[in-house]
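# Topology and contacts: notes
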Amino acid sequence: MKKQALPEKNPAEKVLEKLSGHFEIDRKLLISSIKDFRKKNVHTQYCQVLGVELYKLLLENGLNESDVINVDRLIDKIDGFLYNNQIETALDVLEVIDAVQPFQKIDPNGNKVYCFENQIEANIFEIDGIITKDISWIESARPNLLARKAKILLDNNKTFDALDVVADLLEINPVSFEGHILKAQCYREKNPKRFKEYLQMAYRYAYKPTHFVQMFVNFYNYYADKEDWVTAYAVLSAVKVYEVNDDLLGDLERLKEKMTRTVVTPFKVPTPEQIMVILEREKIEIHIKDQNYRILIDLYEQLFMSQDNKVFMKEIAEYIQGFAGQEDILKIIEKRLKSK
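Residues numbered from 1 in each chain as written. Predicted model: local features only at pLDDT ≥ 70, side-chain atom pairs only at ≥ 80, totals over all residues. Heavy atoms only, no water.

## Description of the overall build of the protein
Helices and strands together make up the secondary structure of the protein, namely 17 helices and two strands. Reported as C-alpha extents along the three principal axes, the dimensions of the protein are approximately 95 × 60 × 35 Å. Across the 340 residues in the protein, those meeting the buried criterion constitute 45%. Restricting the contact set of the protein to residue pairs at least 6 apart, pairs at least 24 apart contribute 60%. (Helix = DSSP H or I, 4+ residues; strand = E, 2+ residues; numbered from the N terminus. Buried < 20%, exposed > 50% of the residue type's maximum accessible area, 1.4 Å probe, protein only. Contact = heavy atoms within 4.5 Å.)

## So, the nonpolar core
Residues Ile-120, Phe-212, Phe-216, Leu-296, Tyr-300, Ile-316 and Ile-320 are the most contacted members of the largest nonpolar core, which totals 110 residues. Residue contacts for Phe-216: discarding those within four places in its chain leaves Val-235, Ala-238, Val-239, Tyr-242, Ile-284, Glu-285 and Ile-286. (Core = buried A, V, L, I, M, F, W, Y, C linked by side-chain atoms within 4.5 Å.)

## As for the packing of helix H5 (residues 87-99) against helix H7 (residues 142-155)
Taken N-terminus to C-terminus, the directions of H5 and H7 make an angle of 165°; their axes are 10 Å apart at the nearest point. As summarised for this structure, H5 and H7 are arranged roughly antiparallel, according to the angle between their axes. When the axes of H5 and H7 are compared, the crossing they make is left-handed. Touching Ile-87, Ala-90, Leu-91, Leu-94, Glu-95, Ile-97 and Asp-98 of H5 are Arg-142, Leu-145, Leu-146, Arg-148, Lys-149, Ile-152 and Leu-153, all from H7. (Axes fitted to C-alpha atoms, helices over the stretch in contact; angles between N-to-C directions. Parallel < 35°, antiparallel > 145°, perpendicular 65-115°, else oblique. Left-handed = near helix turned anticlockwise from the far one by under 90°.)

## Remarks on the pattern of salt bridges
In the structure shown here, the tally under the stated rule is 23 salt bridges. In this structure, Asp-92 engages Arg-27 in a salt bridge whose closest nitrogen and oxygen atoms are separated by 2.9 Å. Of this pair, Asp-92 sits in helix H5 while Arg-27 sits in helix H2 (residues 23-39), placing them 65 residues apart in sequence. Grouping residues by exposure puts Asp-92 and Arg-27 together as buried. Salt-bridge contacts for Arg-294 lead to Asp-298; the nearest nitrogen and oxygen are separated by 3.0 Å. Linking Arg-294 with Asp-298, this pair stays in helix H15 (residues 290-306), spanning four residues, or about one helical turn. (Salt bridge = Lys/Arg side-chain N within 4 Å of Asp/Glu carboxyl O.)

## Remarks on the packing of aromatic side chains
Considering all chains together, one arrives at 16 aromatic pairs under this definition. Where Phe-212 meets Tyr-242, the ring centres are 5.3 Å apart and the plane angle is 35°; that geometry is what we call tilted. In this pair, Phe-212 sits in helix H11 (residues 209-225) while Tyr-242 sits in the loop between helix H12 (229-238) and helix H13 (246-262), placing the two residues 30 residues apart along the sequence. With relative accessibility at 17%, the residue Tyr-242 sits in the buried group. Taking the centre distance of 5.6 Å and the plane angle of 80° together, the rings of Phe-212 and Phe-323 count as edge-to-face. Pair noted here: Phe-212 is in helix H11 and Phe-323 is in helix H16 (residues 310-324), with a separation of 111 residues, a long-range link. The rings of Tyr-203, Phe-212, Phe-216, Tyr-242, Tyr-293 and Phe-323 are connected pair by pair, giving a single aromatic cluster. If you follow Arg-142 out to its NZ or CZ, it ends over the ring of Phe-103, 4.8 Å from the centre. (Phe/Tyr/Trp six-rings, centres within 6.5 Å; stacked < 30°, edge-to-face > 60°. Lys NZ or Arg CZ within 6 Å of the ring centre and 35° of its normal.)

## Let's talk about helix H4 (residues 71-83)
A rise of 1.5 Å per residue sets the reference length of H4, with its 13 residues, at 18 Å; its end C-alpha atoms lie 19 Å apart and thus fit the reference within 8%. The sharpest bend along H4 measures roughly 30° and falls at Lys-77. Turning to H4, its buried residues number three or more, namely Leu-74, Ile-78 and Phe-81. Where H4 is buried, its residues contact helix H3 (44-60), H5 and H7. Where H4 terminates, the next one or two residues include Asn-85, which has phi positive at roughly 60°. (Expected span 1.5 Å × (residues − 1). Bend = angle between axes of the 7 residues up to and from the residue.)

## Looking at the state of the cysteines
Summed over the entire model, instances satisfying the criterion amount to zero disulfides. There is no disulfide at Cys-115, and the cysteine sulfur nearest it, in Cys-47, is 12 Å away. Note on Cys-186: no disulfide assigned, nearest cysteine sulfur contributed by Cys-115 at a separation of 20 Å. (Disulfide = S-S within 2.5 Å.)

## A look at the confidence of the model for the protein
Predicted confidence across the protein gives a mean pLDDT of 91, with 95% of residues reaching 70 or more. Model confidence for the protein, summarised as mean pLDDT per element, is weakest for helix H17 (residues 329-338) at 78 and strongest for helix H9 (residues 177-186) at 98. (pLDDT = per-residue confidence, 0-100.)

## Regarding the side chain of Glu-121
Within the fold, Glu-121 resides in helix H6 (residues 119-128). Ignoring anything within four residues of it in the chain, the contact list for Glu-121 reads Phe-116, Asn-173, Val-175 and Tyr-207.

## Considerations on the environment of Asn-109
Of note, Asn-109 is situated in the loop between H5 and strand E1 (113-116). On a C-alpha basis, the gap between Asn-109 and Ser-136 in space is 9.3 Å, while along the polypeptide they are 27 residues apart.

## Looking at the environment of Val-264
Mapping Val-264 onto the fold places it in the loop between H13 and helix H14 (272-281). Given the relative accessible area of 86%, Val-264 is considered exposed.

## Some words on H17
Those residues of H17 not exposed but buried are Ile-329, Leu-330, Ile-333, Glu-334 and Leu-337. An end-on view of H17 places all buried positions within 130° of arc, on one side of the element. Across from the buried face of H17, at angles greater than 90 degrees, the exposed residues are Lys-331, Lys-335 and Lys-338. Buried residues in H17 make contact with H15 and H16. (Arc of directions from axis to C-beta.)

In structure tokens, the structure reads:
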């Protein structure tokens, strides 16, 4: 009688068979296999199986958490791990959370799948002209998870590892402002010229007032590293366009004192006009790109008319008003829409 062939094992089962019972070996095997599955477009359920197995491994080796993966709770715990200098634990938990996120590189129709934070990024991506053929996209936490991981690696001087994670992030979300900022930061020490170039590239994808604050602070670091204190002061002053707080005012005051001590002639605070000249000279934009602002306006109008997603509508409204300054642009928009 012909012997019946055994059913072929699935990819996750093949990895689980290789587990040795040694924590560090198994941990590395699971993490590398999850990454390999993502690259090879192995079905998301098998990534999730390995993510669950990695979580069990962490529980068995000191992670004091529930047996059930609670993504929101684990994300909230990351700062605590970092505060207690549990860097590897924070990174491992992020690996677990990322592994259980639904995602496949290619959809059933053969289209590449992108992960965007929201419809704003999807529209920026479409208008930016990066891809001309059909695409699929999903709202996903993956870009934020990868950004968090890259930031932790960068803060712990693991620049090359951070660059690898940023590359993964920008592959699934090429218009991620955070991704481009992190890419720039990876070059701050080794290649200041690239640091500045990538900061300027990030501007193309800025659509929140907080993006500009983040961008100006990074430009400040660039000029402070060069000890170009006048330009550094001008750039840091630009933060006041979008945010004024005691910390910022204190930083500006300390910078003035530093400049007074280090220059031959007394330092004079640049006037607003002089600050604008400096920013223009350095090609540092302080206003949102016209096309990105138009995307915000169009999406707000669509949501206002449909009243489908009031939470997202309110979020967009805050961005629009943040860029509009004192002018109550929202009332102008709503009045026009109601008059149609």
